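Examination of the molecular architecture
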Amino acid sequence: MKTLLASLVCSTAFLLSGTARAHDVNAMLQQALADKSVPAMAILVIRDGKIDAQAQAGVRANDGKDAVRADDVWNIGSNGKAMTATLIARLVEKGVLSWDAPLSRILPGLSAGMRAEYRDVSLADLLAHRAGLPPNPDEAWMNSTYTDTRPLPLLRLEYAQRALADAPIATARGESHYSNSGAMIAAAIAERATGKTYEELMQSEVFGPLGMRAAFGPTVRGQNLGHKEGKPIAGLMAGNPLMMAPDGEINLSMADWAKFALDQLQGEQGKGKLLKQETYVFLHTAQGETNAALGWGVMHFPPQAPQRVLTHLGSNGYWHALIALAPDSGDGLLIAANAGEGSSAQASQQQMAKTIMAGFGKAKTGK
């Protein structure tokens, strides 16, 4: 499983003058796709709380000629962790869950096999990668779940049991160490507390209220496809196991992804649809002495006029996606590609992001 927290290295990049015009993003896409390791890419730019530009280029599968369309879906990988964190926040606001309750209390059925180091870990620790958990539990077992027919909540509970029996790699509430287990355990807790599946909860608590259309699992022929070793991939193994949905095995269009991004931006101004203003701020605040918020990385960019930017990268190995949001200016950026490991997708997206982020805030200041 390839899941990444964004670390957009700050370096000098040319500045866009004013807003990102359609021809600017189209030129960026053509430059990125000059490397044939990426069949297609899409980009959406938000300025001052509104969609300013959107473009896509390339083909759905590199063994065909079907061009990607504006309404095609993309796998966003671990960028879905911010959505999982938002779901948990909804349940906290409803009094179903608590940010501070220890795992020993909210997962009592697992307490016998839970290592002592994890007993006082909280939901906030899990979602900010500060639980001390390794990146994944037994990956051989994870792969076996592709064909396991047990209900997904049972598999997620077993995932939590296995993860919490592993030796920690760090002290809880210290440094941030990226782990897929945080979102998975949080989802298992939500399922246990509500009696609903993660998929049902995401639809009722996040996708539905925002008017988003999203799906879990791999795309199929006739849709945009991820690529493995330069070839399109479809079918059961074209994504992570369905059990792993809370880590971000989500497919959606750029416009639907933007609905979530806009709500996160507007939330800090008290105009979000899903949460209280203070809850958005909490989700977006780096925890302890780290750069990790809940489902987000936090950086300050550009160097000459830094502002707080929420970032994340995501990939399941066959796709690559990037998000960057600046809540103080209302600017944002979404980029997705239908190629991941072994392609130039990540490098191209990071360079594009540095270029566009250098202009964040200019729509308001006019500078």
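Check the entry above for the structure.
Here's what I pulled together on the structure shown here. Bear in mind that the values here come from a model prediction, so they are computed numbers and not experimental data.

Next up on the list: the side chain of Glu 205. Looking at the secondary structure, you find Glu 205 in helix 8 (residues 198–210). Only 3.0 Å separates the side chain of Glu 205 from the side chain of Arg 90, close enough to count as a polar contact. A distance of 2.8 Å separates a polar atom in the side chain of Glu 205 from a polar atom in the side chain of Lys 94.

Scanning the entire structure with this criterion turns up 17 salt bridges. Arg 173 serves as the salt-bridge partner of Asp 125, at 2.8 Å between the closest nitrogen and oxygen. Of the two residues, Asp 125 is situated in helix 4 (residues 123–127) and Arg 173 in the loop between helix 6 (152–165) and helix 7 (181–194); the sequence distance between them amounts to 48 residues. What makes Arg 173 partly exposed here is its relative accessible area of 40%. One salt bridge connects Asp 328 with Arg 308, and the closest N-O pair in it is separated by 3.2 Å.

Residues Ile 250 and Leu 252 line one face of strand 8 (residues 250–253) and the alternating positions Asn 251 and Ser 253 line the opposite face, and both faces are buried. Of the strand pairs in this sheet, strand 4 (residues 73–75) and strand 8 are connected by three bridges, and their pairing is antiparallel. Across the sheet, the residue bridging to Trp 74 is Leu 252, located in strand 8. Sheet topology note: the strand 5 (residues 214–216)/strand 8 ladder contains three bridges and is antiparallel. If you follow Ala 215 over to strand 8, its bridge partner there is Asn 251.

Applying the stated criterion to the full structure yields five aromatic pairs. Ring centres 6.3 Å apart and planes at 80° place the aromatic pair Trp 74 and Trp 319 in the edge-to-face group. Linking Trp 74 in strand 4 with Trp 319 in the loop between strand 10 (307–314) and strand 11 (320–326), this pair joins segments that are 245 residues apart in sequence. Trp 319 shares its class with Trp 74; the two are buried. With a centroid separation of 6.1 Å and 40° between ring planes, the pair formed by Phe 207 and Phe 216 is classed as tilted. In this structure an aromatic cluster arises from ring pairing among Tyr 198, Phe 207 and Phe 216.

Let us look at the pairing of strand 10. Counting buried positions over the eight residues of strand 10 gives eight, a clear majority of the element. Residues Gln 307, Val 309, Thr 311 and Leu 313 of strand 10 are buried on one face, and the alternating residues Arg 308, Leu 310, His 312 and Gly 314, pointing to the opposite face, are buried as well. With five bridges joining them, strand 9 (residues 297–301) and strand 10 adopt antiparallel strand pairing. What sits directly across from Phe 301, in strand 10, is Gln 307. The antiparallel pairing of strand 9 with strand 10 creates a hairpin that spans five residues between the two strands. Both strand 10 and strand 11 contribute to a ladder of five bridges, which runs antiparallel.

Before going further, it helps to spend a moment on the sheet that holds strand 5. Strand order in this open sheet of three strands is 4-8-5, and the pairing throughout is antiparallel. Each end of this open sheet is capped by a strand with a single partner; those strands are strand 4 and strand 5. Averaged over all pairs of adjacent strands, the angle between strand axes in this sheet comes to 30°, irrespective of strand direction. Along the sheet, helix 9 (residues 254–267) contacts strand 4 and strand 8; its crossing angle with strand 8, the most-contacted strand, is approximately 100°.

On to helix 2 (residues 81–93). In this model, helix 2 (13 residues) spans 18 Å end to end at C-alpha, consistent with the 18 Å of a helix rising 1.5 Å per residue. Taken across its 13 residues, helix 2 has twelve buried, putting it largely inside the fold. Regarding helix 2, the residues found buried are Lys 81, Ala 82, Met 83, Thr 84, Ala 85, Thr 86, Leu 87, Ile 88, Ala 89, Arg 90, Leu 91 and Val 92. Gly 95 lies just past helix 2 and shows a positive phi near 80°.

Bringing the nonpolar core into the picture now. Across soluble globular proteins, you tend to see nonpolar side chains buried next to one another. Core analysis: the biggest nonpolar cluster contains 84 residues, and Met 83, Trp 99, Leu 103, Ile 185 and Trp 257 have the highest contact counts within it. Broken down by element, this core gets its largest block of residues, eight residues, from helix 2. Grouped together as the second largest cluster of nonpolar side chains are 29 residues, Val 309, Ala 326, Ala 337 and Ile 356 included.

Quick look at the packing of helix 7 against helix 8 now. Viewed as axis vectors pointing N to C, helix 7 and helix 8 meet at an angle of 85°, and their least axial separation amounts to 9 Å. One finds that helix 7 runs roughly perpendicular with respect to helix 8. Facing helix 7, whose interface residues are Ala 187, Ala 190, Glu 191 and Thr 194, helix 8 presents Tyr 198, Glu 199 and Leu 201.

What follows is about the side chain of Asp 125. By relative accessible area, Asp 125 is classed as buried at 7%. At 3.0 Å, the side chain of Asp 125 forms a polar contact with the backbone nitrogen of Ser 122. Reaching out from Asp 125, the side chain makes a polar contact with the side chain of Arg 173 at a distance of 2.8 Å. Here Asp 125 is in contact with Asp 120, Arg 130, Ala 131 and Arg 173, once residues within four sequence places are set aside.

With that settled, consider the packing of helix 6 against helix 7. A packed helix pair is summarised by two numbers, namely the angle formed by the two axes and the spacing between the axes. Packing of helix 6 against helix 7 brings their axes to within 9 Å, and their N-to-C directions diverge by 130°. Here helix 7 runs oblique to helix 6, going by the angle between their axes. For the crossing formed where helix 6 meets helix 7, the hand is left-handed. Taken together, the residues of helix 7 that come into contact with helix 6 (itself represented by Pro 153, Arg 156, Leu 157, Tyr 159, Ala 160, Ala 163 and Leu 164) are Ser 181, Met 184, Ile 185, Ala 188 and Glu 191. When its residues are assigned to classes, the contact of helix 6 with helix 7 shows nine nonpolar, one polar and two charged.

Rules used throughout
Residues numbered from 1 in each chain as written. Predicted model: local features only at pLDDT ≥ 70, side-chain atom pairs only at ≥ 80, totals over all residues. Heavy atoms only, no water. Helix = DSSP H or I, 4+ residues; strand = E, 2+ residues; numbered from the N terminus. Polar contact = N/O pair within 3.5 Å; in protein donor to acceptor, adjacent residues only side chain to side chain. Salt bridge = Lys/Arg side-chain N within 4 Å of Asp/Glu carboxyl O. Buried < 20%, exposed > 50% of the residue type's maximum accessible area, 1.4 Å probe, protein only. Pairing = 2+ DSSP bridges. Phe/Tyr/Trp six-rings, centres within 6.5 Å; stacked < 30°, edge-to-face > 60°. Axes fitted to C-alpha atoms, helices over the stretch in contact; angles between N-to-C directions. Contact = heavy atoms within 4.5 Å. Expected span 1.5 Å × (residues − 1). Core = buried A, V, L, I, M, F, W, Y, C linked by side-chain atoms within 4.5 Å. Parallel < 35°, antiparallel > 145°, perpendicular 65-115°, else oblique. Left-handed = near helix turned anticlockwise from the far one by under 90°. Nonpolar A, V, L, I, M, F, W, Y, C, P; charged D, E, K, R; others polar.

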